[in-house]
Amino acid sequence: MDTKFIGKKSAAAGGWGALKSCGKRLLQSGMPISGARTMLKANQPDGFDCPGCAWGDPEHGSSFEFCENGVKAVAWEATEKRATPAFFAEKTVSQLRQLTDYELELNGRLTHPMRYDAASDRYLPVAWEDAFAEIGKILTGFDNPNRAEFYTSGRASNEAAFLYQLFVRVYGTNNFPDCSNMCHEASGIAMRQAVGVGKGTVLLEDFEEADAIFVIGQNPGTNHPRMLGDLRRAAIRGARVVVFNPIRERGLERFSDPQDKVEMLRGGSTDIASLYMQPQLGGDMAAVRGMAKAVLAAEDAAVAAGLPSVLDHAFLAEHCAGFAEYRAAVEATSWAEIEDQSGLSRQEIERAADIYINAERVICTWAMGVTQHLHSVATIREIANFMFLRGNIGRPGAGLCPVRGHSNVQGDRTVGINEKPSDDFLDTLEKHFRFTVPREHGHNVLAAIGAMLDGSAEAFIGLGGNFARATPDSALVEKALRRLKLTVHIATKPNHSHLMPGETAFILPCLGRTEMDLNAAGNSQLISVEDSMSMVHGSAGINRPASPHLLSEVAIIAGIAQATVGSTVVDWAELADDHDRIRDHIEATIPGFENYNARLRKPRGFHLRNTAAHREWDTPAGKASFSCEALPDETVHQRARKGEGRFALQTFRSHDQYNTTVYGLDDRYRGVYGERQVIFIHPADLEAMNAKAGDRVDVVGEHDDGIERIAENFRFVPYDIPRGSIAGYYPELNVLVPLGSAGRESDTPTSKSIMVSFRRRKTA
């Protein structure tokens, strides 16, 4: 059996492996020298915001505020390769569809606007004016604006996102399927219920003061590597880092900081996790409930012994509602239930609780390992409950920290990309721009796909991203897109979504984050983004555009808007030519952006005030609100073990990708090389199936809707993961994620809770 694709894992995250990878990607881009110079401007006050993750920038930055992922993202964008009209002339769309995501994007940057020609099954060049005019004609021809879906990727700037939502609302709909719907929707909902604001309550500086940091369902080493530097510094000064993750992730075990010369020369690394817990998939809520149970037991013991209280009674009395009900819910939850659902022992959970009890200041941080389950909102409410017990919100070194993915996914939502906008926002928008705004709630991602499938939606416009590969149920989404009257994709490189054209289809190429956006006067335009810590900062490209035919996202949106709704309400061309004017409108309509243009031009930007961080609670109770929800009746791993040969699957990224963008075929942190169609599985589960490493299987979805879902020809990789739980890469495994399985309240696809089985394949 061929197992050459399984190799040695990196001894630590970062280190020489990261430097080697950075060099490889810069060489692969064809522009190693200019690429290296470009990186020196990444996340700098006079440079551009990294197009990778949303991790925050320090108050006092160094000369090197980038990581391996940032280098990959910039090299990917700044490549010398070009997907010109000649590229599209060589192959039909049907032929291009046979390429992998990696192979397709290797062809480089888009250079010309393109229109799909059904007769030849090819994309042909089109003039910008003609593209805008035809898009506008189709959109205005619908009998109802709700027949169009307007998707937003987290790479869009605040200015582009604000202009986009303004255009769409002038057009007459709130249909804003957004990448937030697929990642941190549960965080926003749960935190608004618990503390009154849907954003994290910490600043980057709080990581310098925390005594303990709980990292739940998150893999910083691959998804936001700069976070590892902050965890490393915390560990060095003695803070305890407690990890809850089913998978043993190298970055959470050990990290070698490439900026630490001594550590690099010695080949050393720093231990990150003080305690590494591996719950079963879906077991995080039970684990957190168990820690709360241990904390309450410690409180009872302290009271009985006349010792200082474990709970922060002053905080609970002054700032919290529902504590008595929550305590009753915890006491009604048995340890047997907690252990069975979490997959952890009582002793393990109590060890984690002891760290919490003995820490004065605690941060709890999480990502999509928490948010992509049926019960994600309840889990995040439980995390908030746990943090309330000792007053770990609203003071230095403590708080809640959901870590977003793409660089401006949080900012897009702040400036109005929301299918369920608040009445206050709509009232302000209506008053400021003097038009009647649509009030009916629009479609999120799953509702948009449903509308495309049933025919009630007839157009899709994508502001960035790779919708077809990011969404669940890949086969159904392809069918949904190809039956539309209009598909429009604003993008920097060709991707698979472009190869699922509607009756009329356009690819509109835009500037990248690293490229200069010059207005009519020849002045460089500034954009802005918001990171996971609610810091808003400027970004100005420094490279020449990949093609003279590229337009900025703002200019493309303005062109479509002008052709669709005209300039009666908004002078779109004026805003496209002066981003300061867009920011003036943001300042006038969205709280927190006072003196926007001036503050944006200060080094490191400014912070959007977070009321919960100041212990001001915008909740119905006017206080931080406990949730007393019971644990789920059954989690995915509990369901899986009821059927023979069933497993609970989660999808995740390899180390050589970001979201749907695949930079390479290696995952050195997990020891997989040159292969993406793999399933990580416990060795004992392999043995029980009489299987071994490298065996080929088809992975079969086990959802109860009668639809056959199969991911073909995957190979086993033995790995340190709980028995009964397995993992593999998306987007390859998204075909198994059912549209009909979504988080309660969040409507987020349950990409971490997929029931599957295997079919053995014959050896070639």
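Everything here concerns the structure above.
Computed from a predicted model, the values in this text were never measured in an experiment. (Residues numbered from 1 in each chain as written. Predicted model: local features only at pLDDT ≥ 70, side-chain atom pairs only at ≥ 80, totals over all residues. Heavy atoms only, no water.)

Val195, Phe214, Phe244, Phe388 and Leu389 are the most contacted members of the largest nonpolar core, which has 62 residues in total. Top element by residues in this core is helix α14 (residues 284–305). It accounts for ten residues. In contact with Leu389, other than residues within four places in its own chain, are Ala292, Val295, Leu296, Leu311, Asp312, Leu316, Phe323, Tyr326, Tyr356 and Phe626. In terms of nonpolar packing, the next biggest core, distinct from the first, is built from 60 residues, Leu463, Val554, Ala576 and Ile590 among them. (Core = buried A, V, L, I, M, F, W, Y, C linked by side-chain atoms within 4.5 Å. Buried < 20%, exposed > 50% of the residue type's maximum accessible area, 1.4 Å probe, protein only. Helix = DSSP H or I, 4+ residues; strand = E, 2+ residues; numbered from the N terminus. Contact = heavy atoms within 4.5 Å.)

Within this model, the largest pocket holds a volume of roughly 1,300 Å³. If you go around the largest pocket, you meet 40 residues; those closest to its centre are Arg192, Gly198, Lys199, Arg413 and Thr414. Among the secondary structure elements, those contributing two or more residues to the lining of the largest pocket are α9 (185–195), α21 (409–414) and α22 (423–433). A breakdown of the residues in the lining of the largest pocket according to their chemical character gives nine nonpolar, 19 polar and twelve charged. (1 Å grid on protein atoms, 1.4 Å probe; cavity = no way out; pocket = protein on both sides within 12 Å on 5 of 7 lines; lining within 4 Å. Points joined across faces, edges and corners; volume = space filled by probe spheres on them. Nonpolar A, V, L, I, M, F, W, Y, C, P; charged D, E, K, R; others polar.)

With that out of the way, let us pick up the pattern of salt bridges. All chains considered together, the criterion is met by 44 salt bridges. Arg581 is paired through a salt bridge with Asp578; the nearest N and O atoms lie 3.6 Å apart. (Salt bridge = Lys/Arg side-chain N within 4 Å of Asp/Glu carboxyl O.)

So, about the packing of aromatic side chains. For the coordinates displayed, the defined rule picks out 31 aromatic pairs. When the ring of Phe214 is compared with that of Phe386, the centres are 5.9 Å apart and the planes differ by 70°; the resulting orientation is edge-to-face. Within this pair, whereas Phe214 is found in strand β7 (residues 212–216), its partner Phe386 is found in helix α20 (residues 376–388), the two being separated by 172 residues in sequence. The exposure class of Phe214 is buried, given its relative accessible area of 1%. Ring geometry for Phe315 against Trp617: centres 6.2 Å apart, planes inclined by 80°, an arrangement best described as edge-to-face. A residue pair is termed long-range when its members are at least 10 positions apart, and Phe315 in helix α15 (residues 313–319) and Trp617 in the loop between β20 (606–607) and β21 (624–625) qualify at 302 residues. For the pair shown, Phe315 and Trp617 are each scored as buried. By way of ring pairs, the aromatic residues Phe150, Tyr164, Phe167, Tyr171, Phe176 and Trp572 are connected into one cluster. The ring of Phe606 has Arg599 lying over it, and the distance from NZ or CZ to the ring centre is 3.9 Å. (Phe/Tyr/Trp six-rings, centres within 6.5 Å; stacked < 30°, edge-to-face > 60°. Lys NZ or Arg CZ within 6 Å of the ring centre and 35° of its normal.)

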